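Structure assessment
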Amino acid sequence: MSNIIRAALVQQKWTGDKESMIANAVEHIRNAASQGAQVLCLQELFYGPYFCQVQDADFYSYTEAIPDGPTTELMKEVAAQNNIVLIVPMYEVEQPGVYYNTAAVIDADGTYLGKYRKNHIPQVKGFWEKFYFKPGNLGYPVFDTAVGRIGVYICYERHFPEGWRALGLAGAKIVFNPSATSRSLSEYLWRLEQPAAAVANEYFVGAINRVGVEPLGDNEFYGQTYFVSPRGQLVGEAASDTEEELVVRDLDLDLLTEVRDTWAFYRDRRPDTYEGLVTP
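The text that follows walks through the structure, step by step, so that each part is easy to find. All residue numbers refer to positions counted from 1 along the written sequence of the respective chain. Where local features are concerned, this predicted model is filtered to residues with pLDDT of at least 70; where side-chain atom pairs are given and counted, the filter is 80 or more; whole-chain, interface and lining totals use all residues. Derived side-chain values reflect all non-hydrogen atoms in the structure, with water molecules and hydrogen atoms excluded from consideration.

Notes on a nonpolar patch on the surface
- Exposure above 30% relative accessible area and the absence of a salt bridge qualify a residue for a patch, where like charges join within 9 Å and nonpolar side chains (Val, Leu, Ile, Met, Phe, Trp, Tyr) within 5 Å. Note on areas: Shrake-Rupley, 1.4 Å probe, and residue coverage restricted to the protein chains presented here. We define a salt bridge as a side-chain nitrogen of Lys or Arg found within 4 Å of a carboxyl oxygen belonging to Asp or Glu. Taken together, the side chains of Tyr274, Leu277 and Val278 define a hydrophobic patch exposed on the protein surface, amounting to about 340 Å² of accessible area.
- Note on placement: Val278 falls in the segment after α5 (254-263).
- Given a relative accessible area of 68%, Val278 falls into the exposed group. Numbering of helices and strands runs from the N terminus; a helix is a DSSP stretch of H or I covering at least four residues, while a strand is a stretch of E covering at least two. For each residue, the accessible area found with a 1.4 Å probe, counting protein chains only, is set against the maximum for its type, and the residue is called buried under 20%, exposed over 50%, and partly exposed in between.

Below, the structure is given as structure tokens:
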């Protein structure tokens, strides 16, 4: 019996306001569900511009509580109406002055399952994230959903192998990496790091990027959203590098067993030799 999951990713252009970004995302979700998609991930900080191109406290107004904020409540309804698991990246407020780069995970029946808070926070030109976000404090959770165990890693974190491995050790079969990454800095790494992570950790990766140039800076977000298999091969083509797009692909989870039986990376790990890696 096949074990195929139909999964979807959305790369969006900034529409100019939060409300229309949310409405646009909901339209993509409904479109994906009409094509049989069972799980979908949106891009990093999906309902806003990538405001980290500047340092401006006015953008703190984009924060919402998770799970009690309006966007999470809306997406719970959308998930239930369309019988689809959703990964919804947002700007979270925990308390006044304490903000996180967060993704909410909602099951296909609309149940809120939990959240992942971005652990690795960059502070380089055009990506001033430490101005906006505290580092995550929830570890590397894996969520039991209607499509199986999934994990979330966010954007800059793809440069750090430790979190990828933690998600694999916790049983993730698909890891979603919602991102906002620009052509001038890291495009050459986009199709290198995430396929390598999929191979090293023997799961599927969904890599999501936004697209276009936004009013806050000259960063050109280059799209090229894709799924990659645990063999390091793209599942279908990557999305456009200039246009908004919905990516829907079939992922054969039986491939995970085949790859793990072939390579046995988890069997051959030597955690007893790794202590120095986490010594401050």
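From this point, the discussion proceeds with the structure in view.
So, the pattern of salt bridges
- Per the stated rule, a full pass over the model turns up 18 salt bridges.
- With a closest N to O distance of 3.1 Å, Glu220 and Arg183 form a salt bridge. One end of the pair, Glu220, is in strand β13 (residues 220-222); the other, Arg183, is in helix α4 (residues 183-201), with 37 residues separating them in the sequence.
- Residue class for Glu220 comes out partly exposed when judged on its relative accessible area of 30%.
- Across the pair Asp268 and Arg267 runs a salt bridge, and its minimum N-O distance is 2.7 Å.
- The exposure class assigned to Asp268 is partly exposed, which follows from its relative accessible area of 45%.

Description of the sheet that holds strand β3 (residues 85-95)
- Here, a strand pair is defined by DSSP locating no fewer than two bridges between the strands. Spatially, the six strands line up as an open sheet ordered β5-β4-β3-β2-β1-β15, and their pairing is mixed. The open sheet has two edge strands with one neighbour each: β5 (112-117) and β15 (245-252). Pairs of neighbouring strands in the sheet enclose a mean axial angle of 30°, with direction left out of account.
- Relative to strand β2 (residues 39-41), strand β1 (residues 4-11) runs parallel, the two being bridged by three bridges. Within β2, the position partnered with Ala7 by the bridge is Val39.
- Should any heavy atoms of two residues lie within 4.5 Å, those residues are considered in contact. Under this scheme, a helix contributes an axis fitted over its contacting stretch, all axes are lines through C-alpha atoms, and angles between N-to-C directions fall in the 0 to 180 degree range. Strand contacts of helix α2 (residues 70-82): β3, β4 (98-106) and β5, with the helix running at about 165° to β3, the strand carrying the most contacts.

Re α5
- Taken as a whole, α5 has its buried residues at Leu255, Leu256 and Val259. The buried residues of α5 occupy an angular sector of 105° when projected down its axis, which confines them to one face. Of the residues in α5, the exposed ones pointing more than 90 degrees away from the buried face are Thr257 and Asp261.
- Residues of α5 that are buried sit in contact with β11 (204-209) and β15. The directions considered for the arc run from the helix axis to the C-beta atoms.

Here we look at α4
- Taking 1.5 Å of rise per residue, the 19 residues of α4 would be expected to cover 27 Å, and the 27 Å separating its terminal C-alpha atoms lies within 8% of that figure.
- For a residue, the bend is simply the angle between two axes, fitted respectively to the seven-residue segment ending there and the seven-residue segment starting there. Its maximal kink placed at Trp190, α4 deviates by approximately 45°.
- Among all positions in α4, only Ser186, Leu189, Trp190, Glu193, Gln194, Pro195, Ala197, Ala198 and Asn201 are buried.
- Along its buried surface, α4 packs onto α3 (161-169), β10 (174-179), β11, β13, β14 (226-228) and α5.
- Where α4 terminates, the next one or two residues include Glu202, which has phi positive at roughly 60°. For a helix, the expected span equals 1.5 Å multiplied by the residue count minus one.

Describing the nonpolar core
- Joining through side-chain atoms within 4.5 Å is the link that ties buried Ala, Val, Leu, Ile, Met, Phe, Trp, Tyr and Cys residues into a set, and such a set is a nonpolar core. The biggest cluster of nonpolar side chains holds 46 residues, and the ones touching the most others in it are Val39, Ile87, Ile150, Phe176, Tyr203, Phe204 and Phe227.
- With four residues, the single largest contributor to this core is β11.
- For Ile150, the contacting residues outside a window of four places in its chain are Val85, Ile87, Val105, Val142, Phe143, Thr145, Ala172, Ile174 and Phe176.
- Within the second largest apolar cluster, 40 residues are counted, among which are Ala79, Val88, Met90 and Ile121.

Some details on the packing of aromatic side chains
- Put simply, two rings from Phe, Tyr or Trp (the six-membered ring, in Trp's case) pair if the centres are within 6.5 Å, and we call them stacked under 30 degrees between planes, edge-to-face over 60, tilted for the rest. Counted under the stated rule, the structure contains 26 aromatic pairs.
- When the ring of Phe46 is compared with that of Tyr47, the centres are 5.4 Å apart and the planes differ by 65°; the resulting orientation is edge-to-face. Just as Phe46 is buried, Tyr47 falls in that class too.
- Note on Tyr50 and Phe221: the rings are 5.9 Å apart at their centroids and 75° apart in plane angle, and the pair reads as edge-to-face. In this pair, Tyr50 sits in the loop between β2 and α2 while Phe221 sits in strand β13, placing the two residues 171 residues apart along the sequence. Summarising the burial analysis for this pair, Tyr50 and Phe221 share the class buried.
- By definition, being over a ring means that NZ of Lys or CZ of Arg is both within 6 Å of the ring centre and within 35 degrees of the ring normal. The ring centre of Tyr100 lies 4.0 Å from the NZ or CZ of Arg117, which sits over that ring.
- The residue whose ring lies beneath Arg165 is Tyr266, and the NZ or CZ to ring-centre distance is 5.4 Å.

Here we look at the side chain of Asn119
- Mapping Asn119 onto the fold places it in the loop between β5 and β6 (123-124).
- For Asn119, a relative accessible area of 17% puts it in the buried group.
- At 2.9 Å, the side chain of Asn119 and the side chain of Tyr116 are in polar contact.
- Between N or O atoms, a polar contact is any pair within 3.5 Å; within protein, one atom must be a potential hydrogen donor and the other a potential acceptor, and residues adjacent in sequence are included only when both atoms are from side chains. At 3.1 Å, the side chain of Asn119 forms a polar contact with the backbone oxygen of Gly139.
- Ignoring anything within four residues of it in the chain, the contact list for Asn119 reads Pro135, Gly136, Asn137, Gly139, Tyr140 and Glu157.

Everything listed here is a matter of coordinates, which is why it stays silent on function.
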